[in-house]
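# Descriptive structure summary
Spelled out, the chains give:
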Amino acid sequence: MKIAMGADHAGYRLKDVIIPFIESLGHQVEDLGCHCGDSVDYPDYALAVCEKVTAGEADKGILICGTGIGMTIAANKVPGIRCALVHDLFSAKATREHNDSNVLAMGERVIGPGVAQEIVSIWLGTEFSEGPRHQNRVGKIKELEDRFTLHP
Ligand code: RB5
């Protein structure tokens, strides 16, 4: 898979640990920054990653900031993005199976690299449960998005 990754100044260290791990799983990573501790704005990186996913230039996206919360809020404003904030292994599996999440967010100030790697491994390795229940619910999320998206 092609994975787009982005982080702010509070998440780039974890991003830089996760990238070689993802590559070791056989995936390709596009690193959209940031690359140092200079203060930046997380919505800019959320947008860059989400645009790659919605354009089909990446299969999935991963976002990291201090808490993961700002990235999640910003990412879920982009039509077509279902971003899940995950800090435990159960949720990593459940959000792929139930929500078909296409972007994963984590907080560098919340979890360590070991747990983050396990989360990423499970999230990338779990398929959406194609059953009608979950498809119906994800379809309703799309309906909400269509209803509140302004069309020029
Ligand atoms: C940066 O200080 C911090 O606010 C940001 O990384 C993130 O946690 C926001 O939700």
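Residues numbered from 1 in each chain as written. Predicted model: local features only at pLDDT ≥ 70, side-chain atom pairs only at ≥ 80, totals over all residues. Heavy atoms only, no water.

## Observations regarding the site of the ligand
Contacts to the ligand come from Asp8, His9, Ala10, Tyr42, Cys65, Gly66, Thr67, Gly70 and Arg109. Backbone polar atom of Gly66 to an oxygen atom of the ligand: 2.8 Å apart, as the coordinates give it. Gly70 is positioned such that a nitrogen or oxygen atom in its backbone is 2.9 Å from an oxygen atom of the ligand. Considered on its own, the ligand offers 290 Å² of accessible surface; in the complex 72% of this is hidden by protein. Grouping the constituent residues of the shell around the ligand by class yields 3 nonpolar, 4 polar and 2 charged. (Near = heavy atom within 4 Å. Polar contact = N/O pair within 3.5 Å; in protein donor to acceptor, adjacent residues only side chain to side chain. Areas by Shrake-Rupley, 256 points an atom, 1.4 Å probe, with all protein chains shown as cover. Nonpolar A, V, L, I, M, F, W, Y, C, P; charged D, E, K, R; others polar.)

## Some words on the pairing of strand 1 (residues 2–7)
A regular strand carries its side chains on alternate faces of the sheet. Buried residues dominate strand 1, accounting for 5 of its 6 residues. As paired elements, strand 1 and strand 2 (residues 28–31) share 4 bridges and run parallel to each other. If you follow Ala4 over to strand 2, its bridge partner there is Glu30. With respect to chirality, the unit in which strand 1 leads through helix 1 (residues 12–24) into the neighbouring parallel strand 2 is right-handed. Bridge count for strand 1 against strand 3 (residues 60–65) is 5 bridges, and the pairing is parallel. Bridged to Gly6 within strand 3 is Leu63. (Buried < 20%, exposed > 50% of the residue type's maximum accessible area, 1.4 Å probe, protein only. Helix = DSSP H or I, 4+ residues; strand = E, 2+ residues; numbered from the N terminus. Pairing = 2+ DSSP bridges. Right-handed = clockwise from strand over helix to strand, strands pointing away.)

## Some remarks on the UniProt feature "active site" (unreviewed entry) in the protein chain
Residues annotated in UniProt with the feature "active site" (unreviewed entry) correspond here to Cys65 and His98. These annotated residues cover 34 residues of sequence, and their C-alpha atoms reach 24.3 Å apart at the extreme, placing them across more than a single site. Position of Cys65 relative to the elements: it lies in strand 3. Overall, Cys65 belongs to the buried group, its relative accessible area being 3%. The contact partners of Cys65, leaving out residues within four places of it in the chain, are Asp8, Ala10, Gly11, Tyr42, Gly70, Met71, Met106, Gly107 and Glu108. Assignment of secondary structure puts His98 in helix 4 (residues 89–99). Every residue in contact with His98, bar those within four places of it in the chain, is listed here: Phe128, His134 and Val138. (UniProt positions renumbered as here; feature names shortened; annotations may be inferred. Contact = heavy atoms within 4.5 Å.)

## Digging into helix 2 (residues 42–54)
Helix length check: helix 2, at 13 residues, gives a terminal C-alpha distance of 18 Å against a target of 18 Å (1.5 Å per residue), a fit within 8%. Among all positions of helix 2, only Tyr45, Ala46, Val49, Cys50, Lys52 and Val53 are buried. Down the axis of helix 2, the smallest arc covering the buried residues is 155 degrees, so these residues share one side. Where helix 2 ends, the next residue or the one after it, Gly56, has phi of about 80 degrees, a positive value. (Expected span 1.5 Å × (residues − 1). Arc of directions from axis to C-beta.)

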